[in-house]
Amino acid sequence: MKQSFKSGRLGYDLWVKDASADIKGSPLEQLTRQTPEGLSLKPLYTAADLQGIPFLDTMPGQPPFTRGPRATMYTFRPWTIRQYAGFSTAEESNKFYRNALAAGQKGLSVAFDLATHRGYDSDNLRVVGDVGKAGVAIDTVDDMKILFDQIPLDQMSVSMTMNGAVLPILAGYIVAAEEQGVSQDKLTGTIQNDILKEYLVRNTYIYPPKPSMRIVGDIIEYTSQFMPNYNSISISGYHIQEAGADAALELAYTLADGIEYVKAAIARGQDVDSFAPRLSFFFAVGMNFYMEIAKLRAARTLWWELMQQFAPKNPKSSMLRTHCQTSGWTLTEQDPYNNMVRTTIEAMAAVLGGTQSLHTNSFDEAVSLPTKTSSRIARNTQLIIQEETDITHTVDPFGGSYFMEKLTFDLINRAKEILQEIDAAGGMVEAIQSGLPKLRIEESAAQKQAGIDSGANIIVGVNKYRVQEASEIDVLDIDNTAVREAQIKRIKAVKATRDSKATEQALNALKDAAASDSANLLAYAIECMRKRATVGEISDAIAEIYGRHTATTQAVSNVYINNYKDSGVIDDVKQQIAEFTIEEGRRPRILVVKLGQDGHDRGAKVIATGFADLGFDVDIGPLFQTPEEAAKQAIENDVHVIGVSTQVAGHKTLVPQLIKVLQIHDAHEIAVVVGGIIPTRDYAELKKAGVVSVFGPGTPIPECAAQVLQAIKSKQKSEIAK
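Residues numbered from 1 in each chain as written. Predicted model: local features only at pLDDT ≥ 70, side-chain atom pairs only at ≥ 80, totals over all residues. Heavy atoms only, no water.

1. Digging into the nonpolar core
Argument step 1. Among the nonpolar cores identified, the biggest contains 83 residues, and Y253 and W303 are the most heavily contacted of them.
Argument step 2. For this core, the element with the highest residue contribution is helix 8 (residues 247-267), accounting for 13 residues.
Argument step 3. W303 has contacts with L255, G258, I259, V262, L279, F281, S317, S318, M319 and L320, leaving out every residue within four places of it along the chain.
Argument step 4. I169, L170, A519 and M529 belong to the second largest nonpolar core, which has 59 residues in total. (Core = buried A, V, L, I, M, F, W, Y, C linked by side-chain atoms within 4.5 Å. Buried < 20%, exposed > 50% of the residue type's maximum accessible area, 1.4 Å probe, protein only. Helix = DSSP H or I, 4+ residues; strand = E, 2+ residues; numbered from the N terminus. Contact = heavy atoms within 4.5 Å.)

Pasting the structure below:
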């Protein structure tokens, strides 16, 4: 091997004698880097790197399915384009679905609003700011029938992302199909039914973990008996990555959840081959292009290996099939048209990794729900890949790649290490209750944010190559108040025309079933829906037996500051905080809150971690607070400022309410700041309501901290002047 160095920088000429040449000691070795997963990535791979990899000679469609679950993959039929959508009301969503199907979409994927996810009817006072936001509001069977009007459910595969209120939603879908003339055995599609990841990251749970696992088992049991073409669970890693997990954590925790569900079904007397062939998975695909391809290949290999402990006889019981969705977290508010490129790259990774269906996010989702135009562009991204390229012509084009095979193998081994940690904790349910996986994810998220804020990890248009003038884009605005009023009107109409005594009897039977060990809760929920019980009534009936789960709030420390590369920026902010502390006799104190049913707490946790590392006293409010509850906690804790973290547009309703409550309690000295996914056009309205500062996506934490400190000082001066 010959080396030369030119122009005072690293340069080299390499003559490689054979395919097994080692780069150790060469200039290439200096370019080896560490990934967030803890893997070493070399700039050059050779045949020597393939030594000891056991799955190299396998074929697509054969165990361990590394190269794909089907022998022909896309050469026979491309992946399903399944765009995830739900818009405020059932009427609007139905219109969108029918238009999308006419434009080339092949399956439906339903997004529900957060009130529905959490098992609240639209007339519940806890969901004033949530109805119709981030998805469609469903309260009754009548809503579900409108949602699928003129869509033949015996011909259309329907995926529904629902976990907390999975019983009434799946029951409502079944009854809506019945009343359309479609029997249960004709229904095809998938219910997510993945409650464990809700405790990890997304937080749209209702009941505690153990009774929730009973519900998962009941649904698997019922669908195995009566819905042979329906997938009873979609085991989701998507939100695990969106919450900040690296690829190895997402992979390991998703598969660990899957194993828990298999064990739960077997414990209920189910034969593994009666349900396992219809288990499906759901992964996020981000901007780490090669890692995402390797992740899908590794997932299939690992799942096959993990399933052998249950001795399945049907090969399909060990075959991992997956839906993928491009990342929402990688979308940026700044220079948003760049998001089209990001989504395309992520879609390519999903396809090259071998996904079975795909959702591509719209470029404007960093600030709002997608518009019709942005949704069309997102859908056409997949159509262009399918129709205008040769990507579908070859099965597993990365098969045999020195680099990809080694990366897949290394990722498998890293995931196994994480799985061993979960096993040592007693399995995923016990690990979740101890808080271990959530802590690992939050550490990863804080590390990632520090890299972005310090410029070590480049985001084009955010921390490098920034444009001077912001791009104005159309955003979809939902009139939350109007949607809620319409839903309440429909609830009243349903209750006025139903047989109330029959509804009450069905709900009482459901409660008795929840209190027993043997009854199948989905069967009873279906009967409740037939009697026109609401989503909230069914959820409340079960909650009378199981109670509602309350999460323990925690935050990591020193991870953010230890991974921030520019100590000068950190030192400057810490100095400002030290000076404030001397002047005031105490450190600045912030209460970080989530209002309404928005359980996406990555932003809130990262802010809390970063602010604490910089020197703030930080209190974290419990999830799902009302404005009244948040104001009370702020007053009792004597904070200087409340920081509201928002992701699903409840800020326009809930933040003004919070400020009014503070005023009612004569707590004018407490400043309110808001950060998260907020369209710039909302800034003026929030500030008019009394918000001191608004922080959009991508604002570095040190910059936020400095501005919050200034906001506290300005608020104090303003109150003194009064």
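2. Regarding the packing of helix 10 (residues 289-307) against helix 13 (residues 402-424)
Two measures define how a pair of helices packs: the angle their axes make with one another and the distance between the axes.
Argument step 1. Axis separation between helix 10 and helix 13 bottoms out at 8 Å; the angle between their running directions is 55°. The angle between the axes of helix 10 and helix 13 places the two elements in the oblique class. As helix 10 packs across helix 13, the resulting crossing turns out to be right-handed. Of helix 13, the residues touching helix 10 (which contributes Y290, M291, I293, A294, K295, R297, A298, T301, L302, E305 and L306) are F403, M404, E405, L407, T408, L411, I412, A415, K416 and L419.
Argument step 2. For the contact of helix 10 with helix 13, the per-class residue count stands at 14 nonpolar, two polar and five charged. (Axes fitted to C-alpha atoms, helices over the stretch in contact; angles between N-to-C directions. Parallel < 35°, antiparallel > 145°, perpendicular 65-115°, else oblique. Left-handed = near helix turned anticlockwise from the far one by under 90°. Nonpolar A, V, L, I, M, F, W, Y, C, P; charged D, E, K, R; others polar.)

3. Describing the sheet that holds strand 17 (residues 693-695)
Argument step 1. Here we have five strands laid out as an open sheet, ordered 14-13-15-16-17, and parallel in their pairing. Looking along the sheet, the strands with just one partner apiece sit at the ends: strand 14 (617-620) and strand 17. Across the sheet, the mean angle separating the axes of adjacent strands is 20° when strand polarity is ignored.
Argument step 2. Note: strand 15 (residues 641-646) against strand 16 (residues 671-676), six bridges, orientation parallel. Each bridged residue has a counterpart across the sheet, and for I642 the counterpart in strand 16 is V672.
Argument step 3. Contacts from helix 23 (residues 627-636) reach strand 13 (589-593), strand 14 and strand 15, with the element oriented near 160° to strand 13. (Pairing = 2+ DSSP bridges.)

4. Examining helix 11 (residues 338-353)
Argument step 1. In a regular helix each residue adds 1.5 Å, so 16 residues correspond to 22 Å; helix 11 covers 23 Å between its end C-alpha atoms and thus fits that length.
Argument step 2. Looking at helix 11, one finds that the buried residues are N339, R342, T343, E346, A347, A349, A350, V351, L352 and G353.
Argument step 3. Taken from the residues just after helix 11, G354 is the one with a positive phi, measuring 100°. (Expected span 1.5 Å × (residues − 1).)

5. Topic: unusual backbone geometry
One can expect most non-glycine residues to show negative phi and most peptide bonds to be in trans.
Argument step 1. With an omega of 5°, the peptide bond running from P63 to P64 counts as cis.
Argument step 2. Of note, D396 is a non-glycine position whose phi angle comes to about 45°, a positive value.
Argument step 3. Along the chain, the position of D396 falls in the loop between helix 12 (372-388) and helix 13.
Argument step 4. The phi torsion at D638 lies on the positive side, around 55°, for a residue other than glycine.

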